[in-house]
Every structure is written in structure tokens, then in C-alpha cells.
Amino acid sequence: ESTLGAAAQQSGRYFGTAIASGKLGDSAYTTIAGREFDMVTAENEMKIDATEPNRGQFNFSAGDRVYNWAVQNGKRVRGHTLAWHNQQPGWMQQLSGSTLRQAMINHINGVMNHYKGKIYAWDVVNEAYADGNSGGRRDSNLQRTGNDWIEVAFRTARAADPAAKLCYNDYNIDNWSWAKTQGVYNMVRDFKSRGVPIDCVGLQSHFNGNSPYNSNYRTTIQSFAALGVDVQITELDIQGGSATTYANVVNDCLAVPRCTGISVWGVRDTDSWLGSGASALLFDGNGNKKAAYTAVLNAL
Ligand code: XIL
């Protein structure tokens, strides 16, 4: 196959990217993105601060620009993200307790209702677990509303759009030996055992010197899948851009039937949130295919 998306489709998977609405006027960017990828995540435009800048007043203009570009170019869309400690609008940062809990529920309903039936999978909750060795929850205003905030978010989401897969998404849950991975694993196992609606786990997979790719990544993917959820690699980037590591990631996903797709977190190195010096993506700043691109295409 000649593109990442077409190659992924041969095994029933997708290959996606994050798209920034502000770059949709850049024809070099849209040419590559339009050609190569078959799944789109809005890099920032569907986050809480973007979609509900004032309490109860929703704004989908930027999110819709990304959504419409994707659909007009034959791509599906992942929704990112509904409940998160980060990129909250100022009004939400000020809230706590039952008021914040209700605001979270209202937010999930408002955004999911707008995109009802149009989203392949939503990252319902993002980054709720703590770094380090605790294996426990991250402290946040949402966590302080009560430990059940995550399951409330998922139940709300299921009712709002039954057609969307509902994902828990996080970083540093790639390495099976890490406490954070085990914490999320235990949560998903608990949710499945109690019937809390969850369909997928998103492994962000931002690999760097402090959290490098580990060969137990395949075990992580297999272990989550064995709980009865899909696994999606949602925000892949690899500092330094190792072609070998990119191929390992693809091979690990392809080894697990329930690993349903891979998205990289940007198109060219110059589009990366890590900066172009990280060389973390599949195309260089001039839009040329890197060695990592060829490694991924060959592995798919
Ligand atoms: C990043 C975006 O890429 C940046 O443009 C923005 O300034 C900050 O957020 N985990 C996530 C993503 O779930 O939403 C983050 O995206 C990267 C880390």
C-alpha cells in the first residue's frame, strides 16, 4: 500500500493524526494529512476550554472546522477530550464539589450531543492517574469531587451518545511494569466487572528519554485487551524519531486483534507539540517522509 491509512485498513485498523484547525489553510499540511491518514483527532479544538469557554455557552466553531475537514476528506474522528484536569476554562477551574460535578456532567452532555453519532471514539476521561509509584489517582479538582467521578463521566457519556466508543486515555501507561499502568488496569478491570460502560483504553504513547518504549508494551496492549476493551494508540510520538521504535510500536499493535488503530500526535516535526527539534513524527518540516515513515508503512 502507498499510504499509512490504506496500509492500516488492510488489517481492519486505522492510522490517524492530530489535526490543528489553525493549520488547515496550509496546503503542504493538508496535502500530507489528507493523503496519509484515515482518522483525525482535534489537537485542542474539542477540549473543555475550547468547547465551553463560558459556563453553559458552548462553542463548536473550531471543533467543527476540524470535524468537517476530516469528514469531507473521508476520515473518521476521535473525540478528545471531555473530562480532564488540564485545559479547563477559568470558570471550571474555580468550581468544586457538587457544582463542579454537575458542570462536568453538563459539559459531557453538551459536547457529546453536538457530535452525537459522528464520533468513532471519545476520550471521555484523560490523564486521571498519578505519575510515580502510587498507582493511584491524580489529585485534581475533579478527583476532589469524589472517587466516582470517572465512572459518572462514563455513564453520562454512554447515555449521551450510545454510538461512540468510550475510552480512558492516559500517558505513561505503556510500560507494563509501571505502577500507573497497573492502577489504570485495575480501574478498567473493576469497571468491566461492575458494568461501568467503557469500551477502550487509549495509550497516548509519548515516548522519550524518561518514558522510553519498552518491549513489554505488547504485554500492556494484550493485558488491557484481555479485559474486554479495545486498545488505541492515541498520541504516538517518539523523541528522536527512531525508525526501529516506530516499527516496534506498529508490530505490537498488529499482534493484538483488539488494538484497533494508531494515531500520531501531529503531521510534520514542525507541527509537533514537542517542537521540531524533537524530531518525533513521521514527516520532516519540509513534508518529506522520514525513515520512521517508511518503517511504519513497511510494518503495517
Ligand atoms: C497538547 C497539544 O498538542 C498542545 O498543542 C497543547 O498546547 C497542549 O496539549 N496529552 C494530551 C493532549 O492528551 O491533549 C496534549 O496535547 C498532549 C498530551
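As the structure is a computational prediction, the values presented were derived from the model and not from experiment.

**Q** Whenever I open this one, the overall build of the protein chain confuses me. Can you help?
**A** Helices and strands together make up the secondary structure of the protein chain, namely 11 helices and 9 strands. Against the globule reference of 19 Å for 300 residues, the protein chain gives a C-alpha radius of gyration of 18 Å, in line with a compact fold. Oriented by its inertia axes, the alpha-carbon framework of the protein chain measures out at about 50 × 40 × 35 Å. Of all 300 residues assigned to the protein chain, the portion counted as buried reaches 60%. In the protein chain, the share of contacts with a sequence separation of at least 24, taken over all contacts with a separation of at least 6, comes to 75%.

**Q** I would appreciate a short explanation of the packing of helix H10 (residues 243–254) against helix H11 (residues 291–299) in the present structure.
**A** Between two packed helices, both the angle of their axes relative to each other and the distance between the axes serve to describe the pair. Where H10 meets H11, the axes come as close as 8 Å, and the angle between the chain directions of the two elements is 25°. The angle between H10 and H11 falls in the class roughly parallel. The interaxial crossing formed by H10 with H11 has right-handed handedness. Mapping the contact onto sequence places Ala 243, Tyr 246, Ala 247, Val 250, Asn 251 and Leu 254 in H10 and Ala 291, Ala 292, Ala 295, Val 296 and Ala 299 in H11. A class-by-class count of the residues in the contact of H10 with H11 yields 10 nonpolar, 1 polar and no charged.

**Q** Looking at this structure, I do not really get the site of the ligand. What am I missing?
**A** By nearness alone, 13 residues border the ligand, and Glu 43, Lys 47, His 80, Glu 235 and Trp 265 come closest of all. Contacts to the ligand include Glu 43, whose side-chain N or O atom sits 2.5 Å from an oxygen atom. With respect to the ligand, the side chain of Gln 87 contributes an N or O atom lying 3.2 Å from an oxygen atom. Within the complex, the protein chains bury 78% of what would otherwise be the 420 Å² of accessible surface of the ligand. Of the residues contributing to the shell around the ligand, the split by class is 3 nonpolar, 6 polar and 4 charged.

**Q** Any chance you could explain the state of the cysteines here in plain terms?
**A** Each disulfide consists of a covalent bond between the sulfur atoms of two cysteine residues. Scanning the entire structure with this criterion turns up 2 disulfides. With its sulfur 2.0 Å from that of its partner, Cys 167 forms a disulfide with Cys 200. Since a negative S-S torsion denotes a left-handed disulfide, the Cys 167-Cys 200 link at about -90° is left-handed. With Cys 167 in strand E5 (residues 165–170) and Cys 200 in strand E6 (residues 200–203), this residue pair connects regions lying 33 residues apart in the sequence. The exposure classification of Cys 167 matches that of Cys 200, with both residues buried. With its sulfur 2.1 Å from that of its partner, Cys 253 forms a disulfide with Cys 259. With the S-S bond torsion at -105°, the cross-link from Cys 253 to Cys 259 turns out left-handed. Summarising the burial analysis for this pair, Cys 253 and Cys 259 share the class buried. With cysteine numbering restricted to those in disulfides and following the sequence, the protein chain has the pairing 1-2, 3-4.

**Q** What's the story with helix H2 (residues 27–36) in this structure? I'm lost.
**A** Note that an α-helix has 3.6 residues per turn; residues three or four places apart therefore point the same way. Those residues of H2 not exposed but buried are Tyr 29, Thr 30, Ile 32, Ala 33 and Glu 36. Buried residues of H2 fall within an arc of 165° about the axis and therefore sit on the same side. The inward-facing, buried residues of H2 contact helix H1 (4–9), strand E1 (14–19), helix H4 (61–72) and H11.

**Q** What is the right way to read the pattern of salt bridges from this model?
**A** Two side chains bearing opposite charge may form a pair once their charged atoms approach each other closely. A full pass over the atoms with the stated rule returns 17 salt bridges. Where Asp 271 meets Lys 23, a salt bridge forms, and the shortest distance between an N and an O atom there is 3.0 Å. Residue Asp 271 is found in the loop between strand E9 (259–264) and H11, and its partner Lys 23 is found in the loop between E1 and H2; the two are separated by 248 residues along the sequence. Classification of Asp 271 as buried rests on a relative accessible area of 7%. Using a relative accessible area of 25% as the deciding quantity, one classes Lys 23 as partly exposed. Here Asp 252 and Arg 218 are joined by a salt bridge, their closest N and O atoms 2.9 Å apart. Within this pair, whereas Asp 252 is found in helix H10, its partner Arg 218 is found in helix H9 (residues 217–226), the two being separated by 34 residues in sequence. Residue classification places Arg 218 among the partly exposed residues on the basis of a relative accessible area of 31%. Through salt bridges that share partners, Lys 23, Asp 26, Arg 268 and Asp 271 make up one connected network.

Thresholds applied
Residues numbered from 1 in each chain as written. Predicted model: local features only at pLDDT ≥ 70, side-chain atom pairs only at ≥ 80, totals over all residues. Heavy atoms only, no water. Helix = DSSP H or I, 4+ residues; strand = E, 2+ residues; numbered from the N terminus. Rg over C-alpha atoms; globule rule 2.2 N^0.38 Å. Buried < 20%, exposed > 50% of the residue type's maximum accessible area, 1.4 Å probe, protein only. Contact = heavy atoms within 4.5 Å. Axes fitted to C-alpha atoms, helices over the stretch in contact; angles between N-to-C directions. Parallel < 35°, antiparallel > 145°, perpendicular 65-115°, else oblique. Left-handed = near helix turned anticlockwise from the far one by under 90°. Nonpolar A, V, L, I, M, F, W, Y, C, P; charged D, E, K, R; others polar. Near = heavy atom within 4 Å. Polar contact = N/O pair within 3.5 Å; in protein donor to acceptor, adjacent residues only side chain to side chain. Areas by Shrake-Rupley, 256 points an atom, 1.4 Å probe, with all protein chains shown as cover. Disulfide = S-S within 2.5 Å. Arc of directions from axis to C-beta. Salt bridge = Lys/Arg side-chain N within 4 Å of Asp/Glu carboxyl O.

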